[in-house]
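# Chains, contacts and geometry: an overview
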Amino acid sequence: VSTKNLYVMVAGTDYANATLQTVNGEEPKQEEPEVTEKVVYLEPNSNWTQSNARFAAYFWNDGGNVWVSMTAVEEGIYEAHLPEGYDYGCNVIFCRMNPSTTANNWNNKWNQTADLKTPTDGKNLYTVKAGTWDKGGGTWSVK
């Protein structure tokens with residue numbers, strides 16, 4: 001008897017985003033990437049905070065893409081450190097995630113911002129516009 005890993009892929013996605021399925025059907029615990037001291041913050045609106053949602057940031061640049069879990073730093077504000085190899089000016093999408101899993105992937109995303117660029121002018125807090133769900137807008141400011 002030999003043990004084999006089974007990966008599930010979604011059509012049109014990169015093979016690196018395949019999800020490993022275990023015997024009991026649960027995804028394995030996802031390791032967080034190495035991060036820098038550079039930080040961006042998210043202030044979700046009241047829609048996004050419903051249902052015990054958690055938050056993650058999806059970063060991408062010419063070198064690839066990576067998910068980073070966000071952590072509460074004060075009431076209503078969450079932070080994500082930019083991953084190694086990423087700098088201000090990189091692309092980011094903030095996502096409202098399903099709280100019943102710790103895996104950060106598009107299958108566990110409930111809502112998302114539009115494709116954004118992290119500012120290079122010192123602004124580091126993205127506030128999701130009130131009353132919106134997906135790609136509804138928001139503003140960058142300084143935290």
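Coordinates for the structure precede this section.
This section reports on the structure supplied with the text. In this text, all values refer to a predicted model and were calculated from it rather than measured experimentally.

Turning to the overall build of the protein, a few remarks are in order. Broken down by element type, the protein carries zero helices and twelve strands. Mapped from its N terminus to its C terminus, the protein presents α and β elements in the order β-β-β-β-β-β-β-β-β-β-β-β. Within the protein, the proportion of its 143 residues that are buried is 38%. Sequence-distant contacts in the protein: of pairs separated by 6 or more residues, those separated by 24 or more amount to 58%. When the accessible surface of the protein is split by element, carbon and sulfur atoms take 48% of a total near 8600 Å².

This next bit is on unusual backbone geometry. Its identity is not glycine, yet S51 carries a phi of approximately 60 degrees, on the positive side. Along the chain, the position of S51 falls in the loop between β3 (35-43) and β4 (54-61). Assessed through its relative accessible area of 51%, S51 is described here as exposed.

This paragraph deals with the sheet that holds strand β6 (residues 71-74). Taking strand neighbours across the sheet as the criterion, the five strands line up as β6-β7-β3-β11-β12 in an open arrangement whose pairing is mixed. The sheet is open, and its two borders are formed by β6 and β12 (138-141), each paired with just one other strand. Mean inter-strand twist for the sheet, computed between neighbouring axes without regard to direction, equals 35 degrees. Note that β6 and strand β7 (residues 77-83) share three bridges and pair antiparallel. When the bridges of β7 are listed, A72 appears paired with Y78.

We now examine the environment of L116. Here L116 is to be found in strand β10 (residues 116-117). For L116 and F94, which are 22 residues apart along the polypeptide, the C-alpha to C-alpha distance reads 8.5 Å. Excluding anything up to four places from it in sequence, L116 contacts C90, N91, V92, F94, Y126 and W140.

Criteria and thresholds
Residues numbered from 1 in each chain as written. Predicted model: local features only at pLDDT ≥ 70, side-chain atom pairs only at ≥ 80, totals over all residues. Heavy atoms only, no water. Helix = DSSP H or I, 4+ residues; strand = E, 2+ residues; numbered from the N terminus. Buried < 20%, exposed > 50% of the residue type's maximum accessible area, 1.4 Å probe, protein only. Contact = heavy atoms within 4.5 Å. Areas by Shrake-Rupley, 256 points an atom, 1.4 Å probe, with all protein chains shown as cover. Pairing = 2+ DSSP bridges. Axes fitted to C-alpha atoms, helices over the stretch in contact; angles between N-to-C directions.

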